[in-house]
Amino acid sequence: MSEKIKKIGILTSGGDAPGMNAAIRACVRTGAYLGMECVGIRRGYQGLLENDFIELKVEDVSGLASRGGTVLYTARSAEFATPEGVKKGAENLKAAGIQGLVAIGGDGTFRGAYDLSKEGVCVCCIPGTIDNDIACTSYTIGFDTACNTAMEAVDRIRDTMKSHERCSVVEVMGHRAGHLALNVGIAGGATGILIPETPVDLENHVLARIRKARDNGRTFLLFVVAEGAAKAEDVAACIRLQTGIETRVTVLGHVQRGGSPLVHDRIVATRMGYTAVKLLSEGVTGQVVCLNGDNYFWTPIEEAVKMKKGLDEEIAVILDAILTGC
Ligand code: F6P
């Protein structure tokens, strides 16, 4: 697109994540700074199909950096997942004079953005999901806050479990990825961690660890299970049956997605929001804003949606060393 972008739309889609609001704020402030008009598209791609647009001025995003959730609301849209839906979305943007779009969310959001880009829409994506399962970036907005929320819960569970000399199985979110479980399990001092990236082996990953922990004098046990690996209730049932140990289950659920974002998420969201709008202003389109270490860069959405994120292999080795020490 040769014409300079004067009006951008911003949407959040898929599961919300702490820091999305900080990203929206950064987009609006950067847009205003660069002389652009900003429009919030409510309820993600579904809102795009319904022309659910609101004007966003600098004063509308004041105080947003500290707020959890997304003020633009979010949704998953079956209609947008069709070719007709995508066409309609692109037409609605055009009719509203929106020349560029910032889409904040996870891989589903990126696929939607990619489809729109094929219809000629200038779009840049920002990774926002507590799952941290986007391959092109080492970090997705919301992950750190969600890890901390889940870790605090695990710390509390550990206190009461210790008093009662019980076993706890805590199920955390993460969709099909184990990043959240792995980090929460390591930080929370788990006896064992079950993640979808490693085939679940209850004998080796749970029962053998329990025997070892007990041989080492442990009177309490704690397992962190990623929702994509196993159901906490099934793991607990196996422990009860095979060991007779009193075992309780906690499914943390949506508590992990709420709350005020921690500083890391606010900063990453702000920098990614700035970068996405700056890219659009410079005519760079079809990109996902990424982070690696302290380095912000961008990857074509087309490549991003094809990439698969693996686990840090070193962390798996470290994990084995740390857990074996139980
Ligand atoms: O992608 C974020 C996430 O919280 C996943 O970890 C989880 O599997 C999913 O969303 C839950 O979605 P919903 O809130 O629609 O049940």
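Fair warning: this is a prediction, and the values are worked out from it, not measured in the lab.

### As for the overall build of the protein
- When helices and strands are tallied, the protein shows eleven helices and eleven strands.
- At 22 Å, the protein has a C-alpha radius of gyration in line with the 20 Å of a compact globule built from 326 residues.
- Its C-alpha atoms put the protein at 70 × 35 × 35 Å along the principal axes.
- Buried positions account for 52% of the 326 residues belonging to the protein.
- Of all intrachain contacts in the protein linking residues separated by at least 6 positions in sequence, the fraction that spans at least 24 positions is 74%.
- Element-wise, carbon and sulfur atoms account for 50% of the exposed surface of the protein, whose accessible area totals about 14400 Å².

### Quick look at the packing of aromatic side chains
- A complete count under the given rule lists two aromatic pairs for this structure.
- Consider the rings of Y45 and F80, whose centres lie 4.2 Å apart with planes at 0°: the pair is stacked. In this pair, Y45 is assigned in helix α2 (residues 44-49) and F80 in the loop between β3 (53-56) and α3 (83-95), connecting sequence segments 35 residues apart.
- Relative accessible area serves as the criterion here: at 4%, F80 is assigned to the buried category.
- Between Y139 and F143, the aromatic rings sit 6.2 Å apart at their centres with planes inclined by 70°, giving edge-to-face as the arrangement.

### Things to note about the packing of helix α5 (residues 143-164) against helix α6 (residues 179-187)
- One can describe the packing of α5 onto α6 by two numbers: an axis separation of 9 Å at closest approach and a directional angle of 45°. In terms of orientation, α5 and α6 fall into the oblique class. Where α5 crosses over α6, the handedness of that crossing is right-handed. Facing F143, A146, C147, A150, M151 and V154 of α5, the residues of α6 in contact are H179, L180, N183, V184 and A187.
- The residue inventory of the contact of α5 with α6, partitioned by class, reads nine nonpolar, two polar and no charged.

### Examining the sheet that holds strand β8 (residues 221-226)
- Strand order in the open sheet made by the four strands is β7-β8-β6-β9, with parallel pairing throughout. The sheet terminates laterally at β7 (192-194) and β9 (247-251), the two strands that pair on one side only. Strand-to-strand twist in this sheet, taken as the mean axis angle between neighbours without regard to direction, amounts to 20°.
- Note: strand β6 (residues 167-172) against β9, five bridges, orientation parallel. Looking across to β9, one finds that V169 is bridged to V249.

### Side note on the environment of G15
- As for its placement among the helices and strands, G15 is situated in the loop between β1 (7-12) and α1 (20-33).
- Note on G15: relative accessible area 18%, which makes it buried.
- With near-sequence residues (within four places) excluded, G15 lies in contact with M20, R76, G128 and R257.

### Regarding unusual backbone geometry
- Positive phi is not limited to glycine here, since Y73 has a value of about 60°.
- Owing to a relative accessible area of 42%, Y73 belongs among the partly exposed residues under this scheme.
- With a phi close to 55°, E165 is a non-glycine residue in the positive phi region.
- Relative to the helices and strands, E165 resides in the loop between α5 and β6.

### Describing the site of the ligand
- Inspection of the region around the ligand gives R76, T129, I130, D131, M173, G174, H175, E227, H254 and R257 as its neighbouring residues.
- R76 has a polar side-chain atom sitting 2.5 Å from an oxygen atom of the ligand.
- Take G174: an N or O atom from its main chain is 3.0 Å from an oxygen atom of the ligand.
- Coverage of the ligand by the protein amounts to 73% of the 400 Å² it exposes when considered alone.
- Placement of the ligand is best described as lying within the largest pocket.
- Class assignment for the residues of the shell around the ligand results in two nonpolar, four polar and four charged.

### Comments concerning the domain arrangement of the protein
- Each assigned domain of the protein is listed with its residue range as follows: domain 1 (7-142 + 261-304) and domain 2 (146-258).
- One C-alpha centre belongs to domain 1, the other to domain 2; they are set 34 Å apart.
- Summed over both partners, the interface of domain 1 with domain 2 buries about 850 Å², with 55% contributed by carbon and sulfur atoms.
- The interface formed by domain 1 and domain 2 contains one salt bridge.
- R257 is the partner of D16 in a salt bridge, and the nearest nitrogen-oxygen pair spans 2.8 Å.
- Taken together, the residues of the side of domain 1 that touches domain 2 sort by class into three nonpolar, three polar and three charged.

### Examining the sheet that holds β1
- The mixed open sheet is built from seven strands, whose spatial order is β3-β2-β1-β4-β5-β10-β11. The open sheet is flanked by β3 and β11 (295-300), the only strands paired with a single partner. Across the sheet, the mean angle from the axis of one strand to that of its neighbour is 30°, orientation sign disregarded.
- Where strand β5 (residues 122-127) lies against strand β10 (residues 287-292), two bridges are found, and the strand directions are parallel. Within β10, the residue paired with C125 across the bridge is V288.
- Relative to the sheet, helix α9 (residues 263-281) contacts β1, β4 (100-105), β5, β10 and β11, its axis offset from that of β5 by approximately 170°.

Conventions adopted
- Residues numbered from 1 in each chain as written.
- Predicted model: local features only at pLDDT ≥ 70, side-chain atom pairs only at ≥ 80, totals over all residues.
- Heavy atoms only, no water.
- Helix = DSSP H or I, 4+ residues; strand = E, 2+ residues; numbered from the N terminus.
- Rg over C-alpha atoms; globule rule 2.2 N^0.38 Å.
- Buried < 20%, exposed > 50% of the residue type's maximum accessible area, 1.4 Å probe, protein only.
- Contact = heavy atoms within 4.5 Å.
- Areas by Shrake-Rupley, 256 points an atom, 1.4 Å probe, with all protein chains shown as cover.
- Phe/Tyr/Trp six-rings, centres within 6.5 Å; stacked < 30°, edge-to-face > 60°.
- Axes fitted to C-alpha atoms, helices over the stretch in contact; angles between N-to-C directions.
- Parallel < 35°, antiparallel > 145°, perpendicular 65-115°, else oblique.
- Left-handed = near helix turned anticlockwise from the far one by under 90°.
- Nonpolar A, V, L, I, M, F, W, Y, C, P; charged D, E, K, R; others polar.
- Pairing = 2+ DSSP bridges.
- Near = heavy atom within 4 Å.
- Polar contact = N/O pair within 3.5 Å; in protein donor to acceptor, adjacent residues only side chain to side chain.
- 1 Å grid on protein atoms, 1.4 Å probe; cavity = no way out; pocket = protein on both sides within 12 Å on 5 of 7 lines; lining within 4 Å.
- Sits in = over half its atoms within 2 Å of the grid points.
- Domains from an automatic or database assignment.
- Buried area = accessible area lost by both parts, 1.4 Å probe.
- Salt bridge = Lys/Arg side-chain N within 4 Å of Asp/Glu carboxyl O.

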